[in-house]
Amino acid sequence: MSVLIIWVMGAALLLINIMLRTRILRLEARLKELSNPKEQLAFLRQQAAQKDKIPAIKALRKQYPELSLIEANKLWQQIQ
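Conventions and cut-offs
Residues numbered from 1 in each chain as written. Predicted model: local features only at pLDDT ≥ 70, side-chain atom pairs only at ≥ 80, totals over all residues. Heavy atoms only, no water. Helix = DSSP H or I, 4+ residues; strand = E, 2+ residues; numbered from the N terminus. Rg over C-alpha atoms; globule rule 2.2 N^0.38 Å. Contact = heavy atoms within 4.5 Å. Areas by Shrake-Rupley, 256 points an atom, 1.4 Å probe, with all protein chains shown as cover. Lys, Arg positive; Asp, Glu negative; His and termini not counted. Charge placed at Lys NZ, Arg CZ, Asp CG, Glu CD. Axes fitted to C-alpha atoms, helices over the stretch in contact; angles between N-to-C directions. Left-handed = near helix turned anticlockwise from the far one by under 90°. Nonpolar A, V, L, I, M, F, W, Y, C, P; charged D, E, K, R; others polar. Buried < 20%, exposed > 50% of the residue type's maximum accessible area, 1.4 Å probe, protein only. Arc of directions from axis to C-beta.

S.K.: Explain the overall build of the protein chain to me, using residue names and the numbers behind them.
M.R.: Counting secondary structure elements, the protein chain contains four helices and zero strands. Reading the protein chain from its N end, one meets helices and strands in the order α-α-α-α. Over its C-alpha trace the protein chain gives a radius of gyration of 21 Å, far above what one expects of a compact globule, namely 12 Å for 80 residues. Restricting the contact set of the protein chain to residue pairs at least 6 apart, pairs at least 24 apart contribute 43%. Of the roughly 6,700 Å² that the protein chain leaves accessible, carbon and sulfur atoms contribute 65%. Side-chain charges of the protein chain comprise 13 positive and 6 negative groups, with the mean position of each set lying 2 Å from the other.

This is the structure in structure tokens:
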């Protein structure tokens with residue numbers, strides 16, 4: 001009987017985990033949609049005028065935390 005309860009609890013926790021992961025993935029996708037690359041480029045251009053590459057990319061990633069380092073570097077290459 002206790003084995004059945006453990007199996008049921010495990011299955012319930014697994015379903016909850018799947019639902020939460022799906023929700024997180026949807027929210028991350030939505031956040032990427034809302035991030036406007038034009039705004040990011042404008043911000044990076046502003047930072048590039050004042051700073052070197054590394055501080056400008058750090059400021060960009062602080063302003064837009066959803067950006068990966070690779071994406072930020074590609075944006076930097078676009079303005080150069």
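Okay, back to it.
S.K.: Quick one: what's the story with the environment of Glu-39, residue by residue and with numbers?
M.R.: Within the element layout of this structure, Glu-39 appears in helix H2 (residues 37-50). As for Glu-39 and Tyr-64, which are separated by 25 residues in sequence, their C-alpha atoms are 9.9 Å apart.

S.K.: Which residues make up the packing of H2 against helix H3 (residues 53-63), and what values do they have?
M.R.: Relative orientation of the contacting elements H2 and H3 amounts to 145 degrees, with a least axis distance of 9 Å. H3 is crossed by H2, and the crossing has right-handed handedness. Judged by residue contacts, Gln-40, Phe-43, Leu-44, Gln-47 and Ala-48 of H2 engage Ala-56, Ile-57, Ala-59, Leu-60 and Gln-63 from H3. Residue composition of the contact of H2 with H3, by class: seven nonpolar, three polar and no charged.

S.K.: Tell me about helix H4 (residues 69-79), and please be specific about residues and values.
M.R.: Within the span of H4, buried status applies to Ala-72, Leu-75 and Trp-76. Down the axis of H4, the buried side of the element spans an arc of 105 degrees, and every buried residue falls inside it. What points out from H4, more than 90 degrees from its buried face, is the exposed set Ile-70, Gln-77 and Gln-78. Taken together, the buried residues of H4 touch H2 and H3.

S.K.: Run through the environment of Arg-45, naming residues and quoting values.
M.R.: Of note, Arg-45 is situated in helix H2. The class for Arg-45 is partly exposed, based on a relative accessible area of 47%. Expressed as a C-alpha distance, the spacing of Arg-45 and Gln-80, which sit 35 residues apart in the sequence, is 9.4 Å.

S.K.: Report on the environment of Asn-36, specifying residues and quantitative values.
M.R.: Mapping Asn-36 onto the fold places it in the loop between helix H1 (2-34) and H2. Since its relative accessible area comes to 32%, Asn-36 is described here as partly exposed. Taking C-alpha positions, Asn-36 is 10.0 Å from Tyr-64, a pair spaced 28 residues apart along the chain.

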